[in-house]
Amino acid sequence: MDISEEPKAIVKDAYKKSGKEVAEAISVDPNRGLSDKEVTERSEKYGSNILKEQKKRGIWQILLSQLNNPIVYLLTAAAVLAFIFGDTAEGTAILIVLLLNAIIGFWMEFKAQKSMEALKKMDKIKSKVLRNGNNSTIDAEELVPGDILVLEAGDLIPADARILEATELNVDESPLTGESVPVHKSIEALEGDKPVADRTNILYKGTAVTGGTGKAVVFGTAMKTELGSISAMVGEEEKDKIPLNRKLGKLTKALIFMTLGLATAFFLVGWIAGEEIYQLVQTSIAWIIAAIPEGLPIVASIALARGMLHLAKKNVIVKKMEAVETLGETTVIFTDKTGTLTKNELTVSTLFFPNDLRKEVDWDNKGRPVLKEQERLDENENFNHFRKISVLANDATLGADDATSEDQAKSKDNDEEKEGAKDKGDPLEVALLEFAQKYDQDFYNECRRLKRKLHDPFDSEAMVMGSVNADGDGFYVAGKGAAHAILDRSSQVLFQGEVKDLTNEDKAFWNSKNDELADEGLRVLAFGYKNIEALPEGEEAEDFLRELVFIGLIGFIDPPRKEVAEAISVCHEAGIKVLMVTGDHAGTAKNVARQLNFSNSDDDADHALAGTDLKEELAKESNSMVAKTRVFSRVDPSQKLQLIKLFQQQGEIVGMTGDGINDAPALKRANIGIAMGKRGTQVAQEVSDMVLKDDAFGSIVEAIKHGRVVFGNIRKFITYQLSYHLSEILIIALISFTLFVLPILPLQLLFLNLLSDVFPALALGVGAGDSGIMNKKPKDPNEPILDKGNWWQIALYGGIMTACITGAYFYAYFVWDQSEEITNNVAFFSMAFAQLLHVFNMRDPHENVLNNQVTRNKYIWMALAFCGVTLIAAYFIPAVSDVLSFQELEPRIWGLIIVTSLLPLVIIQSLKLVTKKF
């Protein structure tokens, strides 16, 4: 082949061609591999075997993103005007507010980025290849198309390759396809179009060899691999704007237009009336400061940052602050199965014996198998033979088997060593050894001491494996394999302790039971044995698995995590749909869904939609089948994307959990991408919005709950802020347009707003929230951050505060004939204390006046104490008092201020008690 050809066209549909044809197409001799010259040429042509990394935001990008906000723009303009007209104190104060907000947001996102970097695996992968006729070990990055891989159990597959030789080769493809059971690989060419999960003669980059050996020719490296195509798909996907940002953006624009409109109107009226330009500009700046909650960015950032810190303590890394609130809006969770809902490890699940029929296996908190009627089972010969065969007809080893003697096995020190040792071998065989060992360690040790005399390794054609072990004065033949294969090799059956003839009707019955278990998603093996007096020799030794006594069927499953069922139940209570999207088989997926109670009264409890049918369903206008389906099986990465986009188009806020390479595009597209920290691939972690360090699905529920609390708190403090900002606007408008004097100076407003906007508002923003918040349905994703009810609250609260404070101002001005400086102080201090007390009006109408979320919040009391002390200190410290234009006030003025401050609280609380609203 001409190396100058386009890389994509090296080999098309390699799974349809023989290994020899693929090698010839790539111009390589499978027996010698590439020469050094060929490696150099191909390396120059195809480059290193490295995937393109996702672009990370640099420090300056993170910092600048904190300033990309319309409120920041408007306040910056106000600061510039203040500096132009010589009001340095006002301009500096505004800039300090902006700087604080930027620092808080930058620090939290920077910390999250560092946490993610700590999760990355930095080890380089090595690969064994055949080059120049010799085996050599190289960095996987140096692989080129045409390299011959030499593989054995435990190897990570570094590139896409066509298998040339395979001896009992099994590969874990769960990171790519989601299938929990290792795939048995072969060399035969396949006919027709096959999905990735069914290409049994291809090895894929990112997967791992679990058993056997093999050779394969590389035909795809770097971005030309299946993993590379998924990585490219990730790069092409764009995430919708975070809902909180979108809603705050709408609110901000409305406030800006209103503010600019009022300021412009006042400026024009004053200019026409012949007022001084400086006075008009100062009043316009005051209006901007009064209308815009300067503390909103700070409080929102701190509330979200505290959410990040809270979730970090719960083993959840949130990479972007706004994602905390988006969690609370989640209406649909798409979850992968393998490693997310399940443990990603096979265990014995079901025993099916002729005499006792079906027995389900449970596992206790210490990881030991538990069965009903356990004492009777210990006396059951079928059960005892099953345990014996599990140990003898087995080529796997447990980490515990490093202890070869009984004394070692009982050694405490050795137990500690065994704890960290790794199991080796086929996952099914490891599962059998673990069951036997954990059920009865002594019986397990006795079986392990039986010396193996003959061995028949698993053969993909015969579908059986077995051994002959010395046992007392004779020998014990143990065999296991596919049900039909063991039944064909069995002539008798063990029934109620007696060996009976196995009839054709019996075989048909057990084959049908095997099919039933397989339909439930179980991986099934059949077991048989026989006792013989003499060791087989000659041809008999080559095929000793004949005339067996059939003892039953054993089902295996990748078990669900125990905490997941409760978490899904909470999601149902909270009105959140949980959908399984997996590359595994329908039977397996449905079995897991049933165990975890995926369905509720409105769902089709036993329906799974396969990827082959999904394309047709997605093309329909109604999508009714997709809407009621809770389990999607054999789904590829592009179909996951289609599903997420479909639900997003229907107005849903979609969370996507996953740990595999195949989940990455969907994780990026979802409103909230949730990756696993322990089992998750680096690709999945990089594109997600949050990472679960403990891989616990239950952590998602905690995150959603906290997200809802954060949203409720944000709504509370925005209502709190805007209601008194509205009163500031109205007070300035009423007095400025009637008396053409500024009732509250810009610097006073900024000082006051810094206190009220930050400290009491922040205390509201970090409240514990409603304890029953997860019993409520999700709010409408299109619902604005403030609904009509909130705007009515703002108007009512603002109106009441305006009436009280304006009344006090006019009373002091007209009745007591006080100077402009004194009435200014009346307005300022009345507004200051009224705003602080206004925080108590943020209780929910159904809550008790004295015992509610606000009064139980210790931060509220701390904020009020701090702000009160600060106000009093500002009044009595001459330097600060002069800057803020404070005057010495007589007692009756203070009496007016106290009454005016308390009046809005009394009126609003009375309305809440009477109407049970607002």
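Residues numbered from 1 in each chain as written. Predicted model: local features only at pLDDT ≥ 70, side-chain atom pairs only at ≥ 80, totals over all residues. Heavy atoms only, no water.

Please clarify how the overall build of the protein should be interpreted in this entry.
Helices and strands together make up the secondary structure of the protein, namely 34 helices and 26 strands. Counting all 918 residues of the protein, 56% fall into the buried class. Intrachain contacts of the protein at a sequence separation of at least 6 include 74% that bridge at least 24 residues. Total accessible area computed for the protein in this model is approximately 39,600 Å², and 54% of it derives from carbon and sulfur atoms. (Helix = DSSP H or I, 4+ residues; strand = E, 2+ residues; numbered from the N terminus. Buried < 20%, exposed > 50% of the residue type's maximum accessible area, 1.4 Å probe, protein only. Contact = heavy atoms within 4.5 Å. Areas by Shrake-Rupley, 256 points an atom, 1.4 Å probe, with all protein chains shown as cover.)

Help me understand the pairing of strand β19 (residues 523-532) in this model?
Across the ten residues of β19, eight count as buried, placing the element largely inside the fold. Two elements, strand β16 (residues 474-481) and β19, share seven bridges in a ladder whose sense is antiparallel. Pairing of lysine 480 across the sheet is with phenylalanine 527, part of β19. As defined by bridge partners, β19 adjoins strand β20 (residues 548-557) across seven bridges and the pair is classed as antiparallel. By the bridge assignment for β20, glycine 528 is matched with phenylalanine 550. (Pairing = 2+ DSSP bridges.)

Would you mind going over the packing of aromatic side chains with me for this structure?
For any pair of aromatic rings, the description consists of the separation of the ring centres together with the inter-plane angle of the planes. Counted according to the given criterion, the structure contains 29 aromatic pairs. When the ring of phenylalanine 386 is compared with that of phenylalanine 527, the centres are 5.4 Å apart and the planes differ by 80°; the resulting orientation is edge-to-face. You can see phenylalanine 386 sitting in helix α13 (residues 381-392) and its partner phenylalanine 527 sitting in strand β19, a full 141 residues away along the chain. With a relative accessible area of 0%, phenylalanine 386 lands in the buried category. Residue phenylalanine 527 is classed as buried on the basis of its relative accessible area, which comes to 0%. Look at tyrosine 875 and tryptophan 894: their rings are 5.3 Å apart centre to centre, the planes differ by 85°, and that puts the pair in the edge-to-face class. (Phe/Tyr/Trp six-rings, centres within 6.5 Å; stacked < 30°, edge-to-face > 60°.)

Would you mind showing me how to read the sheet that holds strand β21 (residues 577-581) here?
To summarise the sheet geometry, strands pair through backbone hydrogen bonds and adopt either a parallel or an antiparallel arrangement. Spatially, the eight strands line up as an open sheet ordered β8-β26-β25-β24-β9-β21-β23-β22, and their pairing is mixed. The outermost strands of the open sheet, each flanked by one partner alone, are β8 (316-318) and β22 (608-610). Each neighbouring strand pair of the sheet contributes to a mean axis angle of 20°, computed without reference to strand direction. In this sheet, strand β26 (residues 690-692) lies alongside strand β25 (residues 672-676) in parallel orientation, the contact comprising three bridges. Across the sheet, methionine 676 pairs through a bridge with leucine 692, a residue of β26. Helix α22 (residues 586-595) rests against β21, β22 and β23 (631-633) of the sheet, and its axis sits at about 155° to β23. Running over the sheet, helix α28 (residues 697-739) touches β8, β9 (332-335), β21, β24 (654-658), β25 and β26 and is turned about 160° from β9. (Axes fitted to C-alpha atoms, helices over the stretch in contact; angles between N-to-C directions.)

What is the right way to read the nonpolar core from this model?
One recurring pattern in soluble globular proteins: nonpolar side chains tend to sit buried together. Met690 and Phe697 are the most contacted members of the largest nonpolar core, which totals 102 residues. With 17 residues, the single largest contributor to this core is α28. Ranked by size, the runner-up nonpolar core spans 40 residues in total, among them Val348, Leu351, Leu432 and Leu450. (Core = buried A, V, L, I, M, F, W, Y, C linked by side-chain atoms within 4.5 Å.)

When you look at the pairing of strand β15 (residues 464-471) in this model, what are you seeing that I'm missing?
With six of eight residues buried, β15 is to be regarded as a mostly interior element. The pairing of β15 with β16 spans eight bridges and is classified as antiparallel. Within β16, the position partnered with aspartate 471 by the bridge is glycine 474. The hairpin turn running from β15 into β16, its antiparallel successor, is two residues long, and glycine 472 in that turn takes a positive phi close to 65°.

So what exactly am I meant to see when it comes to the packing of helix α31 (residues 820-837) against helix α34 (residues 891-915) here?
Two quantities define a packed helix pair, namely the angle between the helix axes and the distance between the axes. Closest axis-to-axis distance for the α31/α34 pair is 8 Å, and the angle between their directions is 35°. As for the relative orientation of α31 and α34, their crossing is right-handed in sense. Contacts between α31 and α34 pair Ile822, Asn825, Val826, Phe829, Ser830, Phe833, Ala834 and Leu837 from the former with Ile893, Trp894, Leu896, Ile897, Thr900, Ser901, Leu902, Pro904 and Leu905 from the latter. Across the contact of α31 with α34, the residue classes break down as 13 nonpolar, four polar and no charged. (Left-handed = near helix turned anticlockwise from the far one by under 90°. Nonpolar A, V, L, I, M, F, W, Y, C, P; charged D, E, K, R; others polar.)

Any chance you could explain a nonpolar patch on the surface here in plain terms?
Taken together, the side chains of Leu268, Trp271, Ile272 and Ile277 make up a nonpolar region of the molecular surface, amounting to roughly 450 Å² of accessible area. With three residues, helix α8 (residues 243-272) is the single largest residue contributor to the nonpolar patch. For leucine 268, the position within the fold is in helix α8. (Patch = residues over 30% accessible without salt bridge, like charges linked within 9 Å, V, L, I, M, F, W, Y side chains within 5 Å. Salt bridge = Lys/Arg side-chain N within 4 Å of Asp/Glu carboxyl O.)

Would you take a moment to explain the environment of isoleucine 718 for this structure?
Within the secondary structure, isoleucine 718 sits in helix α28. Sequence separation between isoleucine 718 and asparagine 790 is 72 residues; the distance between their C-alpha atoms is 9.4 Å.

Before we go on, may I ask you to explain the pattern of salt bridges in this structure?
Once the charged atoms of two side chains with opposite charge are near each other, the side chains can pair. Evaluation of the coordinates by the stated rule reveals 18 salt bridges. The closest approach of N and O atoms between aspartate 13 and lysine 16, which form a salt bridge, is 3.7 Å. Taking the relative accessible area as the measure of exposure, aspartate 13 reaches 30% and is therefore partly exposed. Here glutamate 165 makes a salt bridge to lysine 215, at a shortest N to O gap of 3.9 Å. Of this pair, glutamate 165 sits in strand β4 (residues 160-172) while lysine 215 sits in strand β7 (residues 208-220); the two residues are 50 residues apart in sequence, bridging distant segments of the chain. The exposure class of glutamate 165 is partly exposed, given its relative accessible area of 42%.

Would you take a moment to explain the confidence of the model for the protein for this structure?
The predicted coordinates of low-pLDDT regions are not to be read in fine detail. On average, residues of the protein score 81 in pLDDT, and 84% of them reach the 70 mark or higher. Averaged over each element, pLDDT in the protein is lowest for helix α14 (residues 406-409) (41) and highest for β16 (95). Segment residues 118-123 is flagged for pLDDT under 50; beyond a separation of four residues in sequence, or across chains, it makes ten contacts in the model. Note on residues 403-420: pLDDT under 50 across the span, and eleven contacts to partners over four residues away in sequence or across chains. (pLDDT = per-residue confidence, 0-100.)

Hey, could you run me through the packing of α13 against helix α16 (residues 427-439) in this one?
With their axes 8 Å apart at the nearest point, α13 and α16 run at an angle of 125° to one another. Here α16 runs oblique to α13, going by the angle between their axes. Helix-helix and strand crossings are classified by hand; for α13 and α16 the assignment is left-handed. Residues Phe383, Phe386, Arg387, Ser390 and Val391 of α13 lie in contact with α16, whose contacting residues are Leu432, Leu433, Phe435, Ala436 and Tyr439. Looking at the contact of α13 with α16 residue by residue, the class counts come to eight nonpolar, one polar and one charged. (Parallel < 35°, antiparallel > 145°, perpendicular 65-115°, else oblique.)

I would appreciate a short explanation of helix α17 (residues 441-448) in the present structure.
Each α-helix turn comprises 3.6 residues. Residues three or four places apart therefore point the same way. Residues of α17 that are buried: Phe443, Tyr444, Asn445 and Cys447. Where α17 begins, the side chain of aspartate 440 points an oxygen toward the backbone nitrogen of aspartate 442, at a separation of 3.2 Å. (Polar contact = N/O pair within 3.5 Å; in protein donor to acceptor, adjacent residues only side chain to side chain.)

Before we go on, may I ask you to explain unusual backbone geometry in this structure?
Positive phi values are uncommon outside glycine, yet serine 27 reaches one of about 60°. Along the chain, serine 27 falls in the loop between α1 (19-25) and α2 (36-46). Phi is positive for glutamine 496, which is not a glycine, with a value near 50°. Tracing the backbone shows glutamine 496 in the loop between β17 (490-495) and β18 (498-501).

Got a minute to help me understand the environment of serine 736 in this structure?
If you trace the backbone, serine 736 turns up in helix α28. Looking at serine 736, the relative accessible area reads 1%, which means it is buried.

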